[in-house]
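Take a look at the letters that make up each chain.
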Amino acid sequence: MRKLQTDPYDIKQVKATLEALAHIVRSIAIKRVIDFNLDKNLYQNSWITISSNCYDLAIIEWCKIFSSKDGYICFKKATPNDEKKGFEARLCKYLEIDKGGYSSYVKELKTYRDKLIAHTDLDFDTYIKQHPCLDIALKSTFFYHKYFLSYYQKDHNSEMGISFFNHGTNDLEDYYNKYNIQVLKIIKQAIESTKDID
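Residues numbered from 1 in each chain as written. Predicted model: local features only at pLDDT ≥ 70, side-chain atom pairs only at ≥ 80, totals over all residues. Heavy atoms only, no water.

Enquirer: Before we move on, could you go through the pattern of salt bridges and cite the residues and values that matter?
Expert: Within this structure, the stated rule accounts for eight salt bridges. For Arg32, the salt bridge identified is with Asp135, shortest N-O distance 2.4 Å. With Arg32 in helix α1 (residues 11-37) and Asp135 in helix α6 (residues 135-149), this residue pair connects regions lying 103 residues apart in the sequence. Relative accessible area serves as the criterion here: at 44%, Asp135 is assigned to the partly exposed category. Connected through salt bridges with shared partners, the residues Lys110, Arg113 and Asp114 form a single ionic network. (Salt bridge = Lys/Arg side-chain N within 4 Å of Asp/Glu carboxyl O. Helix = DSSP H or I, 4+ residues; strand = E, 2+ residues; numbered from the N terminus. Buried < 20%, exposed > 50% of the residue type's maximum accessible area, 1.4 Å probe, protein only.)

And the structure:
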């Protein structure tokens with residue numbers, strides 16, 4: 001078992017990382033289901049707000065891991081020094097983009113977070129019109145989850161073991177797909193139930 005660079009083994013750090021990864025995929029799933037199923041002629045601020053909040057939360061949590069330089073759960077804290085370059089190279093290969101493209105994407109999400117979510121800058125209206133796509137964020141989250149868990153025991157009966165989900169899988173992409181099905185049922189029923197509310 002590999003350990004975090006934090007010594008001694010920080011179980012809270014592991015759990016915080018896994019929870020952030022879960023927040024990212026859940027938030028993206030909910031936003032996409034709402035956006036895809038909401039009637040464009042049905043202008044209800046409640047659904048729009050939920051979708052927007054999920055979008056913002058996904059970016060906030062993603063930036064904690066991928067754009068932070070020394071944050072508590074940034075990927076560098078869980079990546080041995082001799083593997084940092086190799087990790088980014090494997091991540092870019094998985095995402096099918098080059099290092100420059102990935103760096104630009106990280107900057108795009110971090111700028112959006114800093115100028116519009118965490119703060120309101122003078123030029124905030126520029127970023128309202130430029131919502132970053134979350135495809136790369138989602139895919140990189142899948143990758144990092146597999147990488148992260150590969151360093152830790154997967155024995156759920158062990159005191160130090162990590163049991164990520166209570167949904168019959170420790171595979172994040174599989175969980176996302178199953179969660180999508182569940183959310184789709186809930187959201188479609190909820191939208192139908194509220195469509196006549198002014």
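Enquirer: Describe the packing of aromatic side chains, naming the residues involved and giving the relevant values.
Expert: The tally for this structure, following the rule as stated, stands at 13 aromatic pairs. Ring plane angle 50 degrees and centroid distance 5.7 Å describe the contact between Tyr144 and Phe148, whose orientation is recorded as tilted. Here Tyr144 and its partner Phe148 are both found in helix α6, four residues apart, which amounts to about one turn of the helix. Like Phe148, Tyr144 is buried. (Phe/Tyr/Trp six-rings, centres within 6.5 Å; stacked < 30°, edge-to-face > 60°.)

Enquirer: Outline the environment of Ser51, supporting the account with residue identities and numerical values.
Expert: Tracing the chain through its elements places Ser51 in helix α2 (residues 45-66). Overall, the relative accessible area of 5% leaves Ser51 in the buried class. Residues contacting Ser51, with those up to four places away along its chain left out, are Lys31, Ile34 and Asp35. Reaching out from Ser51, the side chain makes a polar contact with the side chain of Lys31 at a distance of 3.2 Å. (Contact = heavy atoms within 4.5 Å. Polar contact = N/O pair within 3.5 Å; in protein donor to acceptor, adjacent residues only side chain to side chain.)

Enquirer: An account of the packing of helix α3 (residues 84-95) against α6 is needed here, citing residue identities and associated values.
Expert: For any two helices packed against each other, one specifies the crossing angle of their axes together with the interaxial distance. Running from amino to carboxyl end, α3 crosses α6 at an angle of 130 degrees, the nearest separation of the two axes being 10 Å. As judged from the angle between their axes, α3 and α6 are oblique. Relative to α6, the crossing made by α3 is right-handed. Each of Phe87, Arg90, Leu91, Tyr94 and Leu95 in α3 lies in contact with α6, whose residues at this interface are Ile136, Lys139, Ser140, Phe142, Phe143, Tyr144 and Tyr147. (Axes fitted to C-alpha atoms, helices over the stretch in contact; angles between N-to-C directions. Parallel < 35°, antiparallel > 145°, perpendicular 65-115°, else oblique. Left-handed = near helix turned anticlockwise from the far one by under 90°.)

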